[in-house]
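Listed below are the residues making up each chain.
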Amino acid sequence: MIRAATIVWTTLAGCVGFGLFQLKHEVQALEDELFRLNRQILAEQQQTHVLKAEWAYINQPERLEALARRHLDLTPMRPQQIGDVAVLRARNAGDAAATLPVAAPRPVVSPPTGPAASPAPRPPAAPPPRAGGDVRPAAHLVGPR
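Residues numbered from 1 in each chain as written. Predicted model: local features only at pLDDT ≥ 70, side-chain atom pairs only at ≥ 80, totals over all residues. Heavy atoms only, no water.

### What about the overall build of the chain?
Helix and strand counts for the chain stand at 3 helices and 0 strands. By residue count, 3% of the 145 residues in the chain fall in the buried class. Of the roughly 13700 Å² that the chain leaves accessible, carbon and sulfur atoms contribute 66%. (Helix = DSSP H or I, 4+ residues; strand = E, 2+ residues; numbered from the N terminus. Buried < 20%, exposed > 50% of the residue type's maximum accessible area, 1.4 Å probe, protein only. Areas by Shrake-Rupley, 256 points an atom, 1.4 Å probe, with all protein chains shown as cover.)

Below, the structure is given as structure tokens:
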């Protein structure tokens with residue numbers, strides 16, 4: 001007859017063996033995932049190096065200068081394009097006077113007294129002048145090309 005202790009120890013050894021089997025497969029799965037992640041990290045590092053090299057090529061000053069010359073119609077400033085501050089002030093003052101509407105002064109009226117007095121409607125106020133006067137694009141400063 002088999003003793004009870006032998007059955008307990010055999011069952012315990014079987015459970016420990018099964019646990020080790022499960023642990024071994026779990027560790028192998030984690031090692032496989034670690035290997036896959038390391039490969040992915042290396043691939044992304046290589047891709048980052050390639051992108052940095054492309055960025056360095058794209059941002060070469062000589063290349064950018066050639067592209068700017070080819071696609072942008074930029075020319076150096078000429079002395080005729082630079083004006084005098086007094087001319088600008090006079091022009092802005094003349095333009096502002098010609099383009100801004102002038103509101104008539106409002107008469108000073110004392111408010112009516114009494115309980116039946118209702119406020120009189122006010123005329124719409126003129127918009128305040130913008131700081132800097134009339135703003136125009138700089139195209140009128142550039143001479144013919």
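### A short note on the pattern of salt bridges
The final tally for this structure, using the stated rule, is 1 salt bridge. Of the charged contacts in the structure, one is a salt bridge between R69 and E65, with a shortest N-O distance of 3.5 Å. Residue R69 and its partner E65 are both found in helix α2 (residues 61-71); the two are separated by 4 residues, about one turn of the helix. With a relative accessible area of 59%, R69 lands in the exposed category. (Salt bridge = Lys/Arg side-chain N within 4 Å of Asp/Glu carboxyl O.)

### A word on the confidence of the model for the chain
Averaged over all residues, the pLDDT of the chain is 78; the fraction at 70 or higher stands at 63%. For the chain, the element scoring lowest by mean pLDDT is helix α3 (residues 85-99), at 66; helix α1 (residues 4-58) scores highest, at 96. (pLDDT = per-residue confidence, 0-100.)

### Regarding a nonpolar patch on the surface
Together, W9, L12, V16, L20, L23 and V27 make up a nonpolar patch on the protein surface, roughly 610 Å² of accessible area in all. With respect to the helices and strands, V27 occurs in helix α1. (Patch = residues over 30% accessible without salt bridge, like charges linked within 9 Å, V, L, I, M, F, W, Y side chains within 5 Å.)

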